[in-house]
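Chain by chain, the residues run as shown.
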Amino acid sequence: MPEGVPLVELRNMSVSFGGVHAVNDVTVDLYPGEIVGLVGGNGAGKSTLIKTLSGAQKPDSGEIFIDGKPVAIHSPMDAKNLGVETIYQTLALADNIDAPANVFLGRELMTPVRTLDDSAMEDATRKVMKRLNPRFDNFKVAVESLSGGQRQSVAIAKAVQFNARILIMDEPTAALGPAETEVVRGLMRQLKEEGIGIFLISHDIHDVFDLADRISVMLQGKLVGTVNKADVTMDEVLAMIIIGKLPEEVTETELEQLRG
Amino acid sequence: MTRLSTAPPAQGEVEEGSRRGLLKALEIDLRVFGMVIALVVIVIGFGFLTDGRFLQPVNMVNLAVQSVSVAVIATGMTMIIVSRNIDLSVGSIVGVVGMIYAVLMARVLPDLLGFDHPLLWVIALAAGLGLGALIGGVQGYIVAYIGVPSFVVTLGGLLIFRGATWLVTRGVTISPVDPTFQLLGGGPRGSIGGPASWVVGGLSCLAIVALLASGRRQRVRFGFPLRPMWAEALIGTVSSLAVLGLVWLFNSYKWPPALAERHAAETGVAIPPGGLAAGIPWPVVLLLAVTLVMSFVATRRRFGRYVFAIGGNPEASELAGINTKRTVMKTFILIGLLCAISSAVATARLDGATLDLGEGYELYVIAASVIGGTSFAGGIGTIPGAVLGALVMSSLAYGLSFMGLSSPIQDIFAGIVLIIAVAFDTINRRRKT
């Protein structure tokens, strides 16, 4: 377990939709320069949990701490102002506008006479892209004409442009081919080096094992547990995901059955 | 990182670079460029069919003035459709606001202030604009905040405001309007005159050069790729010549001799040998101003950017922290204001308000916007495109009626053009992806 004050901590979060506990008393945390994988089956509640941090979902109860201090997040803008940036599964790009307009959407740079400063936005986007994806060269076309990997670069640029300290990535490689997946993995390692904390939500256990430092597993809205990747095997994590048992509880027969 | 490759550029881009080299260097919006060509072809085509009579200045001026009412609203309709909504109530808003203009100027205000009060038209115009904005605001609120589909809300509005138009006067036509207000309707008296037209033309040329220069300066400031100098010069020259050509056209439209003499006697201007030039009609000046302001709002302001973003991906816009509800409501307030402006022009041209003022506008306005390249899927459309769309529609209608074809035949042609324009667009977009 890492030492010191966590960058972000979600403490005792609960969200319910009409009597169904989508998230039930879950506590997770994240340290600077760390990637925490958040895994679980469909409907396990991982996306809902993370939306309470990104400001897209109001929790019924629970607290959020950033740098050990309690914070109030009521809207996506609140989260962004606290350095929390989210890259959504569906990319959350407006397909009909260009990359700089997407990167700065909702936070446009303005000229002194209150008009859009498109040149300044393009310049800043070119700079951040030089760091993320140096081959990216389509700054003037609608993002719908870009490849999946390029679009993902735009989505990531959108997050890191504003000095994000906490990054939430929801299935960042789900829509990508193998080469593009590798680009995004490289990006994530690079951001981690820069001291950014990343919550990685993924179905792909290989993705998580490749990238994460710790893994938090959810099942039916509850946290099964959080483990250090170095201490567990992939089968043990699968057992957590599917039958909700921690590595120390699970029996050899159950693991055999899972390998099936 | 460096050893990893991203996807190669799409093949289409590479081809385009060589095949469309000239247009690419010019960085012209192909869609708008195509519309201008289509418009010129239509006008010249009618010129051929009528042995040139169609091309007489008086016809060109009438055509331009006729398109103003639809074109003004079409700029707003483009923003509405871009944000994935629709407004079917525009014609009825034009009707009810027009009735208010006429009642205020012909009945209410003269009783209060006297017939010759100089502020008569100002008060009436302010009241009409306020009413337009209010109607738009209420409909926009119901669409954005309560979540009733805009098709339903504005279909209701279409019925409500047409009914309200009748209620204001129990169906009686109201006339006349204030003489100053009448200027908005065009005609020789409602034009700005020859010298002022050349001034407007000259200023427009300066503005074109200034825009090109400031664009280039911006790109130099950040070291972005520049358009070649010859391309800048070509664009500047061609646009300026086009502007001056239009001014020349408007100035070749002369006052009828009898009217000119009376006007000369009243104002003390001398009549030149070739006749007194009427110049650019006020409604056309108004349309120019609306087009400029709306283009500015659509492309240079946050609001415009948000309208397009909402049309492209409403969820993404919400997650980006955009107040999407307020933005949608604002688009309806805007089109309400534009309806009031359009209604002022229509009322001024008629010198009063009739019960059917603005009837059927919704269809012409939507058609103009769509012919101008606005996509019903949302997110795509331009203001100059919508204005050109209105001009294409009205030049067709004017040309056909000039050739003596009846209004049902004009409708058939308008319908065919609408479908062809959208089919053309659809095929074009499919080829691109």
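Quick notes on the rules
- Residues numbered from 1 in each chain as written.
- Chains lettered and ligands numbered in written order.
- Predicted model: local features only at pLDDT ≥ 70, side-chain atom pairs only at ≥ 80, totals over all residues.
- Pairing = 2+ DSSP bridges.
- Helix = DSSP H or I, 4+ residues; strand = E, 2+ residues; numbered from the N terminus.
- Domains from an automatic or database assignment.
- Contact = placed C-beta atoms within 7 Å.
- Nonpolar A, V, L, I, M, F, W, Y, C, P; charged D, E, K, R; others polar.
- Buried ≥ 20, exposed ≤ 12 C-beta atoms within 10 Å, placed from the backbone.
- Axes fitted to C-alpha atoms, helices over the stretch in contact; angles between N-to-C directions.
- Parallel < 35°, antiparallel > 145°, perpendicular 65-115°, else oblique.
- Core = buried A, V, L, I, M, F, W, Y, C linked by C-beta atoms within 7 Å.
- Right-handed = clockwise from strand over helix to strand, strands pointing away.
- Left-handed = near helix turned anticlockwise from the far one by under 90°.

## Things to note about the pairing of strand β10 (residues 222–228) of chain A
Residue and element names in this part refer to chain A.
Item 1. Here strand β9 (residues 214–219) runs beside β10; their pairing, made up of 6 bridges, is antiparallel. Across the sheet, the residue bridging to S216 is T226, located in β10.
Item 2. In sequence, β9 turns back onto β10 through a hairpin of 2 residues, with Q220 there showing a positive phi of about 50°.

## Focus on the domain arrangement of chain B
Residues and elements named next belong to chain B.
Item 1. Per the domain assignment, the segments making up chain B are domain 1 (56–187 + 281–433) and domain 2 (192–278).
Item 2. Summarising the inter-unit geometry, the C-alpha centres of domain 1 and domain 2 are found 26 Å apart.
Item 3. Facing the 6 residues of domain 1 at the interface are 5 residues of domain 2.
Item 4. For the side of domain 1 that touches domain 2, the secondary-structure elements that each account for two or more residues are α4 (57–82) and α12 (282–300).
Item 5. Looking at which element gives the most residues to the side of domain 1 that touches domain 2, the answer is α4, with 4 residues.
Item 6. Broken down by class, the residue content of the side of domain 1 that touches domain 2 amounts to 6 nonpolar, no polar and no charged.

## Notes on unusual backbone geometry
Item 1. S175 of chain B connects to P176 of chain B through a cis peptide bond whose omega is -5°.
Item 2. As for its placement among the helices and strands, P176 of chain B is situated in the loop between α7 (150–169) and α8 (179–182).
Item 3. Not every positive phi belongs to a glycine, and R114 of chain A is a case in point at roughly 65°.
Item 4. Looking at the element boundaries, R114 of chain A is found in the loop between α3 (99–103) and α4 (118–132).
Item 5. Residue classification places R114 of chain A among the exposed positions, given that 9 C-beta atoms sit within 10 Å.
Item 6. A positive phi angle, near 55°, is found at D351 of chain B, a position not held by glycine.
Item 7. Looking at the element boundaries, D351 of chain B is found in the loop between α15 (324–350) and α16 (361–371).

## Things to note about the packing of α4 of chain B against α15 of chain B
Residue and element names in this part refer to chain B.
Item 1. Interaxial distance between α4 and α15 falls to 8 Å at its minimum, and their mutual angle equals 175°. Here α4 lies roughly antiparallel to α15, going by the angle between them. Listed contacts from α15 to V68, S69, V72, I73, T75, G76, M77, M79 and I80 of α4 are T331, L334, I335, L338, C339, I341, S342, V345 and A346.

## A look at the nonpolar core
Item 1. Counting 189 residues, the largest nonpolar core has L200 of chain A together with I73, M105 and A368 of chain B as its most contacted members.
Item 2. No fewer than three residues from each of domain 1 (56–187 + 281–433) and domain 2 (192–278) of chain B sit in this core.
Item 3. Beyond its immediate stretch of four places on either side in the chain, M105 of chain B contacts L120, W121, A124, V177, D178 and F181 of chain B.

## Observations concerning the interface of chain A and chain B
Item 1. Facing the 30 residues of chain A at the interface are 28 residues of chain B.
Item 2. Mapped onto the side of chain A that touches chain B, the elements with two or more residues apiece are α2 (76–81), α4, α5 (148–160) and α6 (178–193) of chain A.
Item 3. A per-class count over the side of chain A that touches chain B returns 13 nonpolar, 10 polar and 7 charged.

## Here's the deal with the pairing of strand β7 (residues 166–170) of chain A
Residues and elements named next belong to chain A.
Item 1. For β7, the buried fraction is high: 5 of the 5 residues fall into the buried class.
Item 2. As paired strands, strand β6 (residues 84–87) and β7 are joined by 4 bridges and run parallel to one another. Pairing of T86 across the sheet is with I168, part of β7.
Item 3. Inspection of the sheet shows β7 paired to strand β8 (residues 197–201) by 5 bridges, in the parallel sense. Residue I166 lies in a different strand from β8, and its bridge partner there is G197.
Item 4. Handedness of the crossover joining β7 and β8 through α6 is recorded here as right-handed.

## Some words on the environment of V328 of chain B
All names here are of chain B.
Item 1. Turning to its location among the elements, V328 is positioned in helix α15.
Item 2. The class of V328 is buried, set by 24 C-beta atoms lying within 10 Å.
Item 3. Spatially, the C-alpha atoms of V328 and V152 are 15 Å apart, while their sequence positions differ by 176 residues.
Item 4. Sequence-distant contacts of V328, that is, excluding residues within four places in its chain, are made with S83, N85, G140, V143, A144 and I310.

## As for the packing of helix α3 (residues 30–49) of chain B against helix α17 (residues 383–402) of chain B
Residues and elements named next belong to chain B.
Item 1. Contact geometry for α3 and α17: axes closest at 10 Å, N-to-C directions at 15°. The angle between the axes of α3 and α17 places the two elements in the roughly parallel class. The handedness of the crossing between α3 and α17 is left-handed. Judged by residue contacts, R31, V32, M35, V36, A38, L39, I42, V43 and F46 of α3 engage P384, G385, L388, L391, V392, S395, L396, G399 and F402 from α17.
Item 2. Within the contact of α3 with α17, the residues separate by chemical class into 14 nonpolar, 3 polar and 1 charged.

## Some details on helix α8 (residues 234–243) of chain A
Residue and element names in this part refer to chain A.
Item 1. Of the residues making up α8, those classed as buried are V237, A239, M240 and I241.
Item 2. Buried residues along α8 sit in contact with β3 (35–39), α7 (205–211), β9, β10 and α9 (252–259).
Item 3. Two residues or fewer past α8, G244 is found with a positive phi of approximately 70°.

## Side note on the environment of F104 of chain A
Item 1. Mapping F104 of chain A onto the fold places it in the loop between α3 and α4.
Item 2. Distance from F104 of chain A to D67 of chain A, taken between C-alpha atoms, is 26 Å for residues 37 residues apart in sequence.

## Section: the sheet that holds β10 of chain A
In sheet architecture, strand pairing relies on hydrogen bonds along the backbone and comes in two forms, parallel and antiparallel.
All names here are of chain A.
Item 1. With respect to topology, 6 strands assemble into an open sheet ordered β6-β7-β8-β3-β9-β10, the strand pairing being mixed. Edge positions in the open sheet fall to β6 and β10, since each of these has one partner strand only. Each adjacent strand pair in this sheet contributes to an overall mean axis angle of 20°, direction not counted.
Item 2. Across 4 bridges, the pairing between β3 and β9 is parallel. When the sheet's bridge partners are listed, V39 is paired in β9 with V217.
Item 3. Strand contacts of α6: β3, β7 and β8, with the helix running at about 150° to β8, the strand carrying the most contacts.
Item 4. The sheet strands contacting α8 are β3, β9 and β10, and the helix crosses β9 at an angle near 25°.

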